[in-house]
Amino acid sequence: MAMAATVPQDVRVPAARPERHVRAITCEGVVQGVGFRPFVWRLATELGLSGRVRNAAGRVEIEAAGPAPALDAFVRRLRTDAPPRARVERVVALRLDADRAEALPVPFAIDESTSAAATDRLFPPDIATCGSCVRELFDPADRRFRYPFTNCTDCGPRATIIEELPYDRAQTTMRAFPLCPACDAEYRDPANRRFHAEPVACPACGPRLAWRRTGAPAATATGEDALRAAARALLAGEIVAVKGLGGYHLACDATDEATVRRLRDRKRRWAKPFAVMVRDLAAARALAGVGALERALLTGPARPIVLVEARRDGVPALAPSVATGNRRLGVFLPYTPLHHLLLEAVGRPIVLTSGNLADEPLATDDADALARLAGIADAFLVHDREIRARYDDSVTRVVARRESVIRRARGYAPAPVALPVPTPVPLLAVGAELKHTFTLARGSRAHIAPHDGDLEDLAVHRAFTDGLAHLGRLLALEPEVVAHDLHPEYLSTKLALARFAASRRIAVQHHHAHVAATAAEHGITDPFLGVAYDGLGMGDDGSFWGGEVLVADLVGYRRIGRFGRAPMPGGALAVRSPYRMALGYLFGAEGSDGGPAGMTEAEGRAASFLARLDPREVAIVRTQVARRLNAPVASSAGRLFDAAAALIGLRDVAEFEAQAAIDLELAAGDRPAPPLPWRLDRVEGLLVYDPRPTLAALLDGVAQGRSGRRLAAGFQATITDVTVAMLDDARASTGLRTVCLGGGVFQNRRLTADLLRRLVAAGFEPFLGRQVPVNDGGVSYGQAAIAAARLAGGETGALPPPEG
């Protein structure tokens, strides 16, 4: 009989080792420059995983080994627990052979980046200084005390310093600053907030400030002395050019009227309001009403300029010339350590406006800034970190309790906006002319480039082409197709025609692009009703449009309504001279031989208006209209607003684009007023708003001594009524209730808020651009959405292979 074996008491049987599994994981989206690799390391360490993580072109690649439950949790939390500035769009996890675990590092490691090709290469916008870095900045015990270039993985420069991807220090303009031992230790310590923070620096190894007087051959102070010199100069009433993240600013004391006026004269910006930077949220509230959403925008990581309502009891802390009578203030908070230090030293609000002459591109290069800004700035506060990409400050506001971006630039661009219909080939949309942007698109991602100004001269055109080359290289995107405006004289259109063969060009009507931008941002691909109100855009009939109601989708459109036409005496001169536009309506509005409807003696009713004009000018305009000499007609809502402002007596000559329309909005304020008379007619199958009764009522109101403010409010109520009526008619004939608003007129907050409210009450579902500007800054995105939809639908036919 066999004996059972016995195990000695002092011998232990080892526990079974958990089965190890291996995953190869790819994370796509905005995952570089946002602290994603350190986050991956910390998560893997917490879960007891071995492996590695690295940047590869525009994505993050991970190999991880461990028990299956831990790996499952790891993959899930890559999405749910990602850093706040990351945007994880896709996580792909593949199983590898278990044998691969033996080759993976223990403990988990961060590897050097690779430059492997990628279908999508994303990188983040610049990020405002985080709370932890601000605390260090003002902590005397910290080694970065008062260091103006402090940053970490949660904040600091990104898009403005990147030269190539993957995002590593050696491929940014920080490569000129080798890390000191202390910064290098932080950079390599996974437990440190600056672990793999590419722009990390300190006073021992990083960029430095320098101070120089205009015309001086060299700097006269550096570091803290330079900062003190700048603060003294600002308090003494001087204008200082300050080198920032994405370009130069011009700064002055916002409480000093003489200095603000001097800045206006030197910059040739005589009327447009200046933005004001204040030290903190409490200082912003001392100047303006700041609601919950405005507070979130002011203090968020993008730190845009936010348009807020000035306090009703006035703003005694600011010089009157800062806002030039505008009730709305552009306010923003410090977004770099240098700003925090400067505001703390000055102790009062400062004007901080773009470093350029009016209509020129923002200065970024030091030599160029010293030359171009020498006639404006008394001195320069500069630093030795190169600016690789030009990014002006973003501007935003709140409309109907939601954000609506006006200028998309620093802090927003070039983060992608989704295309609801992916483009089958890489494409470029070159935009319009004013408030110019371009868009590069691949698949379902559209990258709207930062605002670069009005594309009306060669300097801005050069900034456009330089920005296009740089962003295209970073995204590794070579466009095969271009979308462009119908206007043949736009410089953007000329570039498209010069660089792309006819078979690779898609012409997009301006107002279709406006409403398509709103539709695409909200993911709308079905037919909708589009309302496009702006200054001017080339119509498909060769005339100027601007007050349009369309039935549209992302492929095409049909015009079903418009504003009545009127001549623009002098063409572009009428845009700058609202009184000329008013004369155009008086002498040649559509539907009559001259004079608003119902006026038997047109000039008699307009006597007070005509009396303040030069009679020789009036005679010239009359001849231009009668003989159709340089007086193109336009169905433009923007030009009608100009005419109304002139007839009421608010503005005869505009010093910047849309100034008369802004005056009209400000005059109206929030006061209620009944609408003025108006009429809709059928003209060649289109529903046409005849503005002549409205203009006649304005003239009568002026003659009767009625308040210009009440007339302005009544005019805007009229436009709301007219729009709702035109859409009601369109809904009856089409069955559509989705409405997309686009065009610069919808920067008028009163009109837009009233119209949105009325449309909802009437059973429509209205949409407004939120992250994409409703003005011409959003046209390139609308062009891209239309081109993508047409290409996906095959409407342009089979494209030949790229030339060359």
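Trainee: How do you make sense of the overall build of the protein when you look at a structure like this?
Mentor: Scanning the protein from terminus to terminus reveals 24 helices and 30 strands. Taking all 804 residues of the protein together, 59% fall into the buried category. Within the protein, counting contacts between residues at least 6 apart in sequence, those at least 24 apart form 72% of the total. Just so you have it, the protein exposes about 30,900 Å², and 52% of that area is on carbon and sulfur atoms. Across the protein, the 99 positively charged side chains and the 92 negatively charged ones have centroids separated by 3 Å.

Trainee: Which parts of the structure should I look at to understand the sheet that holds strand β1 (residues 21-30)?
Mentor: The strands making up a sheet associate through backbone hydrogen bonding, with each pair oriented either parallel or antiparallel. In space, the five strands of this open sheet follow the order β4-β1-β3-β2-β5, with mixed pairing throughout. Taken across any chain shown, the strands that pair with only one partner, and hence form the sheet edges, are β4 (87-96) and β5 (109-110). Bridge count between β1 and strand β3 (residues 59-66): seven bridges; the pairing is antiparallel. Counterpart to His21 in the pairing with β3 is Gly66. Each of β1, β3 and β4 touches helix α2 (residues 68-80); the most contacted strand, β1, lies at about 0° to it.

Trainee: Which parts of the structure should I look at to understand the packing of helix α20 (residues 659-668) against helix α22 (residues 708-734)?
Mentor: A pair of packed helices is captured by two measures, namely the crossing angle of their axes and the spacing between those axes. The N-to-C vectors of α20 and α22 enclose an angle of 105°; their axes lie 7 Å apart at closest approach. With respect to α22, the axis of α20 lies roughly perpendicular. Touching Leu664, Glu665, Leu666, Ala667 and Ala668 of α20 are Arg709, Ala712, Ala713, Phe715 and Gln716, all from α22. Of the residues contributing to the contact of α20 with α22, the split by class is seven nonpolar, one polar and two charged.

Trainee: Before we go on, may I ask you to explain the state of the cysteines in this structure?
Mentor: Chemically, a disulfide is nothing more than a covalent bond linking the sulfur atoms of two cysteines. This model, assessed by the stated rule, comprises zero disulfides. No disulfide involves Cys152; its sulfur sits 3.6 Å from the nearest other cysteine sulfur, which is in Cys130. Cys152 sits in the buried class, given a relative accessible area of 0%. In this structure Cys155 is not part of a disulfide, and its nearest cysteine sulfur, from Cys130, lies 3.7 Å away.

Trainee: Just to check I follow, could you spell out the side chain of Thr160 for this structure?
Mentor: Relative to the helices and strands, Thr160 resides in the loop between α3 (131-137) and α4 (181-188). We classify Thr160 as buried; its relative accessible area is 0%. Of note is the side chain of Thr160, whose polar atom sits 2.7 Å from the side chain of Asp126. Look past the residues within four positions of Thr160 in its chain and what remains in contact with it is Asp126, Leu245, Gly246, Ile387, Arg388, Ala389 and Tyr391.

Trainee: Would you mind going over the packing of helix α1 (residues 36-46) against α2 with me for this structure?
Mentor: Between α1 and α2, the shortest axis-to-axis distance is 10 Å and the interhelical angle comes to 150°. Like other packed secondary-structure pairs, α1 and α2 cross with a definite hand, here right-handed. Together, Phe36, Phe39, Val40, Leu43, Ala44 and Glu46 of α1 and Phe74, Arg77 and Leu78 of α2 make up the contact between the two elements.

Trainee: What am I meant to see in the nonpolar core here?
Mentor: Nonpolar side chains in soluble globular proteins tend to be buried together. Judged by nonpolar contacts, the single largest core of 71 residues is most densely connected at Leu529, Leu583, Phe609, Phe715 and Ile719. Top element by residues in this core is α22. It accounts for 10 residues. Ignoring any residue separated from it by four or fewer positions in sequence, one finds Phe609 in contact with Tyr579, Ala582, Leu583, Leu586, Ala646, Leu647 and Asp652.

Trainee: How should I be thinking about the packing of aromatic side chains in this particular structure?
Mentor: Aromatic ring pairs are defined here through the distance separating the ring centres and the angle between the ring planes. Inspection of every chain in the model, using the stated rule, returns nine aromatic pairs. Both rings, one in Phe332 and one in Tyr335, keep their centres 6.3 Å apart while their planes meet at 35°; by these two values the pair is tilted. Taking the relative accessible area as the measure of exposure, Phe332 reaches 0% and is therefore buried. Measuring from ring centre to ring centre gives 5.4 Å for Tyr533 and Phe746, while their planes differ by 10°; the resulting arrangement is stacked. Of the two residues, Tyr533 sits in strand β22 (residues 528-538) while Phe746 sits in the loop between β29 (738-742) and α23 (749-761), which places them 213 residues apart along the sequence. For the pair Tyr533 and Phe746, a shared accessibility class is recorded, and that class is buried. Across the ring face of Phe274, the terminal group of Arg264 is positioned such that the distance to the ring centre comes to 4.1 Å. A cation over an aromatic ring shows up here: Arg410 above the ring of Tyr335, its NZ or CZ 3.5 Å from the ring centre.

Trainee: Could you clarify how one ought to interpret the pattern of salt bridges in this entry?
Mentor: Any two side chains of opposite charge can pair, on the condition that their charged atoms come close. With the rule as written, the count across this model stands at 56 salt bridges. Put simply, Arg193 and Glu136 hold a salt bridge, and the shortest N to O gap is 3.2 Å. In this pair, Arg193 sits in the loop between α4 and β6 (209-213) while Glu136 sits in helix α3, placing the two residues 57 residues apart along the sequence. The class for Arg193 is partly exposed, based on a relative accessible area of 25%. Between Glu309 and Arg328 there is a salt bridge, and its shortest N-O distance comes to 2.8 Å. Here the residue Glu309 occupies a position in strand β12 (residues 305-310), and Arg328 occupies one in strand β13 (residues 328-332), the gap between them amounting to 19 residues. Overall, Glu309 belongs to the partly exposed group, its relative accessible area being 24%. One connected set of salt bridges, linked through shared partners, spans Arg146, Glu224, Asp225, Arg228 and Glu344.

So, how was this worked out
Residues numbered from 1 in each chain as written. Predicted model: local features only at pLDDT ≥ 70, side-chain atom pairs only at ≥ 80, totals over all residues. Heavy atoms only, no water. Helix = DSSP H or I, 4+ residues; strand = E, 2+ residues; numbered from the N terminus. Buried < 20%, exposed > 50% of the residue type's maximum accessible area, 1.4 Å probe, protein only. Contact = heavy atoms within 4.5 Å. Areas by Shrake-Rupley, 256 points an atom, 1.4 Å probe, with all protein chains shown as cover. Lys, Arg positive; Asp, Glu negative; His and termini not counted. Charge placed at Lys NZ, Arg CZ, Asp CG, Glu CD. Pairing = 2+ DSSP bridges. Axes fitted to C-alpha atoms, helices over the stretch in contact; angles between N-to-C directions. Parallel < 35°, antiparallel > 145°, perpendicular 65-115°, else oblique. Nonpolar A, V, L, I, M, F, W, Y, C, P; charged D, E, K, R; others polar. Disulfide = S-S within 2.5 Å. Polar contact = N/O pair within 3.5 Å; in protein donor to acceptor, adjacent residues only side chain to side chain. Left-handed = near helix turned anticlockwise from the far one by under 90°. Core = buried A, V, L, I, M, F, W, Y, C linked by side-chain atoms within 4.5 Å. Phe/Tyr/Trp six-rings, centres within 6.5 Å; stacked < 30°, edge-to-face > 60°. Lys NZ or Arg CZ within 6 Å of the ring centre and 35° of its normal. Salt bridge = Lys/Arg side-chain N within 4 Å of Asp/Glu carboxyl O.

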